[in-house]
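# Understanding the architecture of this molecule
Each chain, letter by letter, is given below.
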Amino acid sequence: MQHRKRWAIAVGMAALAALVAACGGDGEDERTVPLESLLTPVETSAPAEAAAGDDAPTPGMFPPTPESLDRQLDDDAGMRQRREHLVSTYVASVVQTGRVLDAMRTVPRHAFVPTRYLDEAYNDHPLPIGYGQTISQPSLVAMMTDLLALEAGDRVLEIGTGSGYQAAILRELTPEVYTIEIIPELAGTARRIFDELGYADIHTLRADGYYGWEAFAPFDAIIVTAAPDHLPSPLVAQLKAEGGRMVIPIGPPGGYQSLWFVQRHGDDIDMSRVLDVMFVPFTREADE
Ligand code: SAH
């Protein structure tokens, strides 16, 4: 990504406030901020529940795994044909990386949506998945994935498991996928879909993703699929120091946000604005 302009702001709370304001508004498209300015505030850990299937689950703290799963997990020639049409018509025009396009051709998006939306699963738009949440638009999933420039073996963290679709796409690109969802029912449903579709080694957690997943940090890449109004400092701290990348929408809930590409170079955090997007709000444990 080209850096047309770089600037650094002073360390401290004032700097953080300036960054927060700039990231939510019509500020610069490119900036560099010192890591220290992001690390001054707040809590850095929170209680978390392990989703069923996680490495060290805590008995009695599993999210509810649905008894009957309202998903069609089987794939067939008709679905594959519609998927191919989606990729060649809508996805290939925004992403050219072969590995990302192959992942989009492989993952059965229809298996991640409630069955009443089966007929729409291969249209290039978001769909409801319950609890007021959505599965993202496929071309945007592909574009955000492409920005992460994942290589096999990279460790990637997703905040906002939702349907599980984005995590499955990531799993096609690298074996080390970690994903966090705040809504227990969605975490439980995604866990079950992963297990049934052959993505059992995706690591899932039911928690407020604001705090990242310290036990598995640092991450080569972090993707955030709900929009906070500022850049969560614990996530920046969990990026690999040299070249760790993050893709994150930042902005006010209910409107358009800016999608940012964030890259860490030691103590410098480079930020580039990519485009305007509309994501569901990033909620906090205390909001619930
Ligand atoms: N990546 C998903 C998109 C789901 S929409 C997919 O492929 O389907 C975003 C999700 O982020 C929602 O499920 C929402 O519940 C979740 N979310 C919002 N705030 C969160 C937080 N603080 N921590 C973890 N997940 C969060």
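Analysis parameters
- Residues numbered from 1 in each chain as written.
- Predicted model: local features only at pLDDT ≥ 70, side-chain atom pairs only at ≥ 80, totals over all residues.
- Near = placed C-beta within 6 Å.
- Helix = DSSP H or I, 4+ residues; strand = E, 2+ residues; numbered from the N terminus.
- Nonpolar A, V, L, I, M, F, W, Y, C, P; charged D, E, K, R; others polar.
- Buried ≥ 20, exposed ≤ 12 C-beta atoms within 10 Å, placed from the backbone.

## Observations regarding the site of the ligand
The environment of the ligand is formed by 24 residues, the closest being Gly160, Gly162, Ser163, Gln166 and Gly209. Elements with a minimum of two residues in the shell around the ligand: strand 4 (133-135), helix 6 (165-171) and strand 6 (176-181). Examining the composition of the shell around the ligand, we find that three residues originate from one element, strand 4, more than from any other. In the shell around the ligand, the residues fall into 11 nonpolar, 10 polar and three charged.

## Some remarks on helix 5 (residues 138-148)
Counting buried positions along helix 5 gives nine out of 11 residues, so the element sits mostly inside the fold. Buried residues of helix 5: Pro138, Ser139, Leu140, Val141, Ala142, Met144, Thr145, Leu147 and Leu148, and no others. At the exit of helix 5 stands Ala149, carrying a positive phi of roughly 45°.

## A closer look at unusual backbone geometry
In this model, Ala217 is joined to Pro218 through a cis peptide bond whose omega is 5°. With respect to the secondary-structure elements, Pro218 resides in the loop between strand 7 (203-206) and strand 8 (221-224). A positive phi angle, near 60°, is found at Tyr131, a position not held by glycine. Inspection of the secondary structure assignment puts Tyr131 in the loop between strand 3 (127-130) and strand 4.

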